[in-house]
Amino acid sequence: MRTCTQPTSTVELLAAHLHTAAEHGRRAANSGAVCRHIPALAGVPSTGFAMAVAGVDGSLLHTGDSDHPFSIQSLSKLFALCALLRHDREAWNDVGWDPTTSGYGSVADLERNHGRPTNPFVNSGAIVVTDRLITHSGDAVASTIGLLRNADARAAVDSDIDVARSESSTGHRNSAIAHVLAEHGYLENPIDVVLQQYFSQCAITASVKTLATAALFLADRSGPSAILDEASVRRVNAVLLTSGMYGAAGDIAYRIGLPSKSGIGGGVLAVMPGKGTVCVWSPPLDAVGNSAGGVAAIDEFARLARWSVF
Ligand code: GLN
């Protein structure tokens, strides 16, 4: 007689879902292409894959290259924003909170809004976040790294100088955005300083395990978080849902229903309030600039685990 080993506990069940979802994600990665926008990232292996699920109960499940520190790029915008909100809860007034379908690097959008960013997850808003963090802490990169180490002070989190330099030498669009912001009086610090810090912040490297556990404060509903006040956590999650995945935010809300953030290094991080977080790294990107395998894996995991805010 064959013994059937069915997963029993919630953690075992989530682990089974994680593995099914990871397989799904690995297959979907074939449809994407690795980012060429930052030359130093063009050589990242397209087969790299990692996935981690962190629970508010302290559980941490993972598969693949889950200790590999990858380039977090726009995922840094989420942690930089939260680091800034710890200094100034009303920083939203400077960066906005409205969705846009114009793309994360749109100069036209910024011009139309007279230099005011639409939200903190497009580049203009993120550059203003970096600027304000410099004002409050003197070092936006160190503040962002500090928040990424909130769950584990020894976590391997660094800024890759080659990636920062590579983006600095080709980042004409971000440079244009910073100049438009400055023209309209939206920057408090010198343009060169802000851009250098912004590129170094985007060049931060961390693993899916580190990102999933560091973001748990956005999922924990057990009481006021030591990291951020409850109202700020709600606002961050709301704006992640409407703007964290750029032009695909509406599609992701419809299909998956989780506040999520992506980066062109291939990372995607999603939050399930009250339950936990899930982070995937898979470098090939889809047409919008989101990780093809990452979105597919989170979609499948959320469906199996019945994670949705709706
Ligand atoms: N550093 C990249 C940029 O500013 C980040 C973009 C992204 O990950 N979506 O263009």
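Further up the page is the structure itself.
What this report covers is the structure whose coordinates are included nearby. Note that the structure is a prediction, hence the values are computed from the model and not measured. Residue positions are counted from 1 within each chain, in the order its sequence is given. Side-chain atom pairs in this predicted model are given and counted only at pLDDT of 80 or more, local residue features only at pLDDT of at least 70, and totals for whole chains, interfaces and linings cover all residues. Values reported for side chains reflect all heavy atoms of the structure, with hydrogen atoms and water molecules removed beforehand.

**Focus on the site of the ligand**
In step 1: Working definition: residue near molecule or strand if any one of its non-hydrogen atoms lies within 4 Å of it. H37, Q73, S74, Y104, N123, E167, N174, Y198, C202, Y246, G263 and I264 make up every residue found near the ligand.
In step 2: For the ligand, an oxygen atom lies 2.9 Å from a polar atom in the side chain of N174.
In step 3: Here, Shrake-Rupley sampling with a 1.4 Å probe gives the accessible areas, and only protein chains in the shown set may cover a residue. For the ligand, the accessible surface in isolation is 300 Å², of which the surrounding protein chains cover 99%.
In step 4: Under the scheme applied here, ten amino acids are nonpolar (Ala, Val, Leu, Ile, Met, Phe, Trp, Tyr, Cys and Pro), four are charged (Asp, Glu, Lys and Arg), and all others, including Gly, are polar. A per-class count over the shell around the ligand returns 5 nonpolar, 6 polar and 1 charged. Think of a polar contact as two N or O atoms within 3.5 Å of one another; within protein, one of them needs to be a possible hydrogen donor and the other a possible acceptor, and neighboring residues in sequence only count if both atoms come from side chains.

**What to know about the environment of A54**
In step 1: Strands are runs of DSSP state E lasting at least two residues, helices are runs of H or I lasting at least four, and both sets are numbered from the N terminus onward. Tracing the backbone through its elements, the reader meets A54 in strand 1 (residues 50–55).
In step 2: Per-residue accessibility, obtained with a 1.4 Å probe over protein chains only, is compared with the maximum for each type, and a residue is labelled buried under 20%, exposed over 50%, and partly exposed between these values. Residue classification places A54 among the buried positions, given a relative accessible area of 0%.
In step 3: Discounting residues that sit within four places of it in the chain, A54 has contacts with S59, L60, A212, T213, L216, K275, G276 and T277. We call two residues in contact when some of their heavy atoms are within 4.5 Å.

**Some remarks on the sheet that holds strand 4 (residues 158–159)**
In step 1: Read from one edge to the other, the open sheet built from 3 strands follows the order 3-5-4, with strand pairing classed as antiparallel. Two strands bound the open sheet, and with one partner strand each, they are strand 3 (70–71) and strand 4.
In step 2: Two strands qualify as a pair provided that DSSP identifies no fewer than 2 bridges between them. Both strand 4 and strand 5 (residues 204–206) contribute to a ladder of 2 bridges, which runs antiparallel. Bridging from a neighbouring strand, D158 pairs with T205 of strand 5.

**Details of the sheet that holds strand 1**
In step 1: One open sheet holds the 5 strands; their spatial order is 2-1-8-7-6, and the pairing between them is antiparallel. Sheet topology places strand 2 (60–64) and strand 6 (260–262) at the edges, where each strand pairs with a single neighbour. Strand-to-strand, the axes of this sheet are offset by a mean angle of 10°, without reference to chain direction.
In step 2: Looking at chain direction, strand 7 (residues 267–272) and strand 8 (residues 276–281) are connected through 6 bridges and run antiparallel. From the neighbouring strand, A270 faces strand 8, where its bridge partner is V278.
In step 3: Fitted lines through C-alpha atoms give the axes, limited to the stretch in contact for helices. The angle between two N-to-C directions lies from 0 to 180 degrees. With respect to the sheet, helix 2 (residues 75–87) is in contact with strand 6 and strand 7, its orientation differing from that of strand 7 by roughly 50°.

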